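Survey of secondary and tertiary structure
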Amino acid sequence: MTTVSRRGDYTFQYNQRQNRHGWLRLTPAYSVKLVEEIGQQIELDVGDRSVILDPFSGTATTGLVATQIGLTAHLLDINPFLVWFGNTKCTDYTPDELAELQCLIPVIVQTYKRFVGHSLWLPSIHQIERWWSESTLQILAAIHHVLVQHVGQPGTDHTGDLLWIAFCRVMMDTSAAAFNHVSMSFQQETTNHTTQTIDLFFSEIATHILHSARYQMPGYARVFPADSRLAPPDMGVRYTHVITSPPYPNRMSYIRELRPYMYWTGFLNQAVEAGSLDWDSIGGTWGVATSRLKDWRPELDDLPASLYELCAEIEESNQKNALLMSRYVHKYFHDMHQHFRSLRVALAPGARLKYVVGNSSFYGVQAPTEQLLARSLAQLGYTQIAHHVVRKRNSKKELFEYCLSATWNG
Ligand SMILES: C[S@@+](CC[C@H](N)C(=O)[O-])C[C@H]1O[C@@H](n2cnc3c(N)ncnc32)[C@H](O)[C@@H]1O
């Protein structure tokens, strides 16, 4: 058997050094390098008339790569924060807009201090004291207040949104959240950051973001809010390529990690909204999403036979949550099947699909995602289906990332 390495360059870590790609450090992202290589494999080129779809945009990696080489890409995501963030990343900004914003940075830094200690709006994040110390929170609340005054809430002023991205960076980097693993954990203690440290950090990061926003992009990429289990919104085009990375069946909740960003930017206001959003997200497992799973019944009964066998095997493992876990796996593959089924109306004949997916394991039972999704695709009439390993995901278990390809011939 050939050895497959973990390839950090095929993960979000690589993106942190890549200008706009590195603005926020979000683990759902796949690597720019991987998308570029997929683009080369399918011979996407500048001036090409291809139109790319990414139905699971996340941080808009696919869109940014496409627009940087002059292509058109439409992206979809169910999470409104990611739609906003993706569009902020994929927008062209004029030199005048950026110069004006640069002048606003010292104004923000000077003005916010007047409001430190006032009774200001704070996001209703559960156990907020685990994230930030009291004094750091007061500084963040004051910057937030002044940003709203100058550029409006996120999504109001497309250039001003760049300062909101800088705020997101400062907010996260001053928190006690630790990202040593794929998912987030907390450090033991919060830190009392001084206004001097935060001023310097906000000014530096905002300047860096404005600097990397100055490159004009020859293509076009836009992210739209949509549930990709349904047919994509009609944009008057048929897609020649789908390049994407859907959620994996690994019970990782994107909402969990994105919560602080979403609360501070106003895309989430109450905990119950997080659970509802995760329920509509494929593979979601946060809060109410888990309890709803107990009552979930499939809408489709034409899923691959091997899925039913896998679910039975998980159920028979006799572990405490075996039934719930089996239903989770069933729903994940059900929703992906629904996605492949609905996608067909939006594809041009000959459209080529590339899905970066990960396998999983439940109570020692392997869930071969790449094989099950390949069967779904075959059942739905896609052809030329193949998959290969991209990288190893985890040092302990046999978890891999695969690139699954298919063609749609109409
Ligand atoms: C693995 S991430 C995509 C990462 C992306 N390739 C990147 O580089 O950032 C999967 C994305 O699918 C989105 N998603 C989950 N369920 C969805 C659904 N039903 N419709 C649309 N998007 C969904 C999640 O919000 C998440 O952003």
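In this convention, every chain numbers its residues from 1, walking through the sequence in written order. Local features in this predicted model are restricted to residues of pLDDT 70 or higher, and side-chain atom pairs are both shown and tallied only at a pLDDT of 80 or more, whereas totals for entire chains, interfaces and linings draw on every residue. Side-chain calculation: all heavy atoms of the structure are included, whereas hydrogens and water are not.

A word on the pairing of strand β2 (residues 72-77)
Note on classification: 1.4 Å probe, protein chains only; a residue is buried when its accessible area is under 20% of the maximum for its type, exposed when over 50%, partly exposed between these limits. Secondary structure counts use DSSP, requiring at least four H or I residues in a row for a helix and at least two E residues in a row for a strand, with both numbered from the N terminus. Within β2, five of the six residues are buried, which leaves the element mostly enclosed by the surrounding structure. A pair of strands counts as paired when DSSP detects no fewer than two bridges linking them. One ladder, built from four bridges, connects strand β1 (residues 51-54) with β2; its direction is parallel. Note on β2: the bridge partner recorded for Leu53 is His74. Where the polypeptide runs from β1 across helix α3 (residues 61-68) and back to β2, its parallel neighbour, the crossover connection is right-handed. Pairing of β2 with strand β5 (residues 220-225) involves six bridges; the strand directions are parallel. Paired with His74 across the two strands is Arg222, which belongs to β5. Orient the strands so they point away from the viewer, and a crossover whose first-strand-to-second-strand path over the helix runs clockwise is right-handed.

Describing the domain arrangement of the chain
With domains assigned, the chain is organised as domain 1 (8-91 + 228-252 + 269-408) and domain 2 (95-212). Throughout the structure description, domain borders are defined by an automatic or database domain assignment. The C-alpha centroid of domain 2 is placed 31 Å from the C-alpha centroid of domain 1. Every residue pair with non-hydrogen atoms within 4.5 Å of one another is taken to be in contact. Taken residue by residue, the interface counts 13 residues in domain 1 and 14 residues in domain 2. At the boundary of domain 1 with domain 2, total buried surface from both sides reaches about 1300 Å², with 68% on carbon and sulfur atoms. Put simply, buried area is how much 1.4 Å-probe accessible surface two parts lose in total, over both of them, once they are put together. When the buried area of domain 1 at its contact with domain 2 is split by residue, Trp23, Arg25 and Trp84 rank highest and sum to 46% of it. Criterion for a salt bridge: a side-chain nitrogen of Lys or Arg within 4 Å of a carboxyl oxygen of Asp or Glu. Linking domain 1 to domain 2 there are zero salt bridges. Each polar contact in these results corresponds to two N or O atoms within 3.5 Å; when the atoms are within protein, one needs to be able to donate a hydrogen and the other to accept it, and residues that are neighboring in sequence are counted only if both atoms are side-chain atoms. Between the two partners, domain 1 and domain 2, sit four residue pairs in polar contact (both at pLDDT 80 or more). Tallied by class, the residues present in the side of domain 1 that touches domain 2 amount to five nonpolar, six polar and two charged. We call Asp, Glu, Lys and Arg charged. Ala, Val, Leu, Ile, Met, Phe, Trp, Tyr, Cys and Pro are nonpolar, and the rest, Gly among them, are polar.

Topic: the nonpolar core
Within the largest apolar cluster, 55 residues are counted, with the highest numbers of intra-cluster contacts made by Phe81, Trp132, Leu162 and Tyr261. Every element with two or more residues in this core is listed here: α4 (80-90), α5 (95-111), α6 (134-151), α7 (161-173), α8 (195-212), α9 (254-264) and α10 (271-280). If you tally residues by element for this core, the top one is α7, at 10 residues. Counting the residues that make up this core, at least three belong to each of domain 1 (8-91 + 228-252 + 269-408) and domain 2 (95-212). Contacts of Tyr261, omitting those with residues within four sequence positions, involve Leu24, Arg25, Leu26, Phe81, Cys168, Met171 and Met172. Take the buried residues of types Ala, Val, Leu, Ile, Met, Phe, Trp, Tyr and Cys, join any two whose side-chain atoms come within 4.5 Å, and each joined set is a nonpolar core. Ranked by size, the runner-up nonpolar core spans 46 residues in total, among them Leu293, Leu307, Met325 and Phe340.

Quick notes on the pattern of salt bridges
Taken as a whole, this structure holds eight salt bridges when the rule is applied. Across the pair Asp280 and Arg229 runs a salt bridge, and its minimum N-O distance is 3.7 Å. Placement of the pair is Asp280 in helix α10 and Arg229 in the loop between β5 and β6 (239-244), with a sequence separation of 51 residues. With a shortest N-O distance of 2.9 Å, Arg391 and Glu401 are connected by a salt bridge. Residue Arg391 is found in strand β10 (residues 383-392), and its partner Glu401 is found in strand β11 (residues 400-408); the two are separated by 10 residues along the sequence. We classify Glu401 as buried; its relative accessible area is 7%. Residues joined by salt bridges that share partners form a network here, namely Asp227, Arg229, Asp280, Lys331 and Asp335.

Remarks on the site of the ligand
In the vicinity of the ligand there are 23 residues, among which Tyr30, Thr59, Thr61, Asp77 and Ser228 approach most closely. A distance of 2.6 Å is found between an oxygen atom of the ligand and a side-chain nitrogen or oxygen belonging to Thr59. A distance of 2.8 Å separates an oxygen atom of the ligand from a polar atom in the side chain of Asp77. Against a free-state accessible area of 600 Å², the protein chains account for coverage of 99% of the ligand. Its residues placed into classes, the shell around the ligand shows 12 nonpolar, eight polar and three charged. The rule for a residue being near a molecule or strand is that one of its heavy atoms must lie within 4 Å of it. Here the Shrake-Rupley method, with its probe set to 1.4 Å, supplies the accessible areas, and only the displayed protein chains count as covering residues.

Quick look at the packing of α5 against α6
The convention used is that axes are lines fitted to C-alpha atoms, helices contributing only their stretch in contact, and that angles between N-to-C directions extend from 0 to 180 degrees. At a minimum axis separation of 9 Å, α5 and α6 run at an interaxial angle of 135°. Judged by the angle between their axes, α5 and α6 are oblique. Crossing of α5 over α6 shows right-handed handedness. Seen from α5, the contacting residues are Leu104, Val107, Ile108 and Thr111; seen from α6, they are Ile143, Val146, Leu147, His150 and Val151. Along the lines of polarity and charge, the residues of the contact of α5 with α6 split into seven nonpolar, two polar and no charged. Angles below 35 degrees are treated as roughly parallel, those above 145 as roughly antiparallel, those between 65 and 115 as roughly perpendicular, and all remaining angles as oblique. Crossing chirality is assigned from the near helix's rotation relative to the far helix, an anticlockwise turn below a right angle marking it left-handed and a clockwise turn marking it right-handed.

Looking at the sheet that holds β5
The mixed open sheet is built from seven strands, whose spatial order is β5-β2-β1-β6-β7-β11-β10. One side of each edge strand has no neighbouring strand; the edge strands of this open sheet are β5 and β10. Each adjacent strand pair in this sheet contributes to an overall mean axis angle of 15°, direction not counted. Alignment of β1 against β6, held across two bridges, turns out to be parallel. Residue pairing across strands places Ile52 opposite His241, the latter belonging to β6. Relative to the sheet, helix α2 (residues 32-41) contacts β6, β7 (347-358), β10 and β11, its axis offset from that of β7 by approximately 145°. Its contacts with the sheet place α4 against β2 and β5, and it is angled at close to 170° to β5.

Digging into the environment of Leu210
Inspection of the secondary structure assignment puts Leu210 in helix α8. Overall, the relative accessible area of 4% leaves Leu210 in the buried class. C-alpha of Leu210 to C-alpha of Ala166: the two residues are 44 residues apart in sequence and 9.4 Å apart in space. Not counting residues within four places of it along the chain, the set of residues in contact with Leu210 comprises Leu98, Leu101, Gln102, Ile105 and Leu162.

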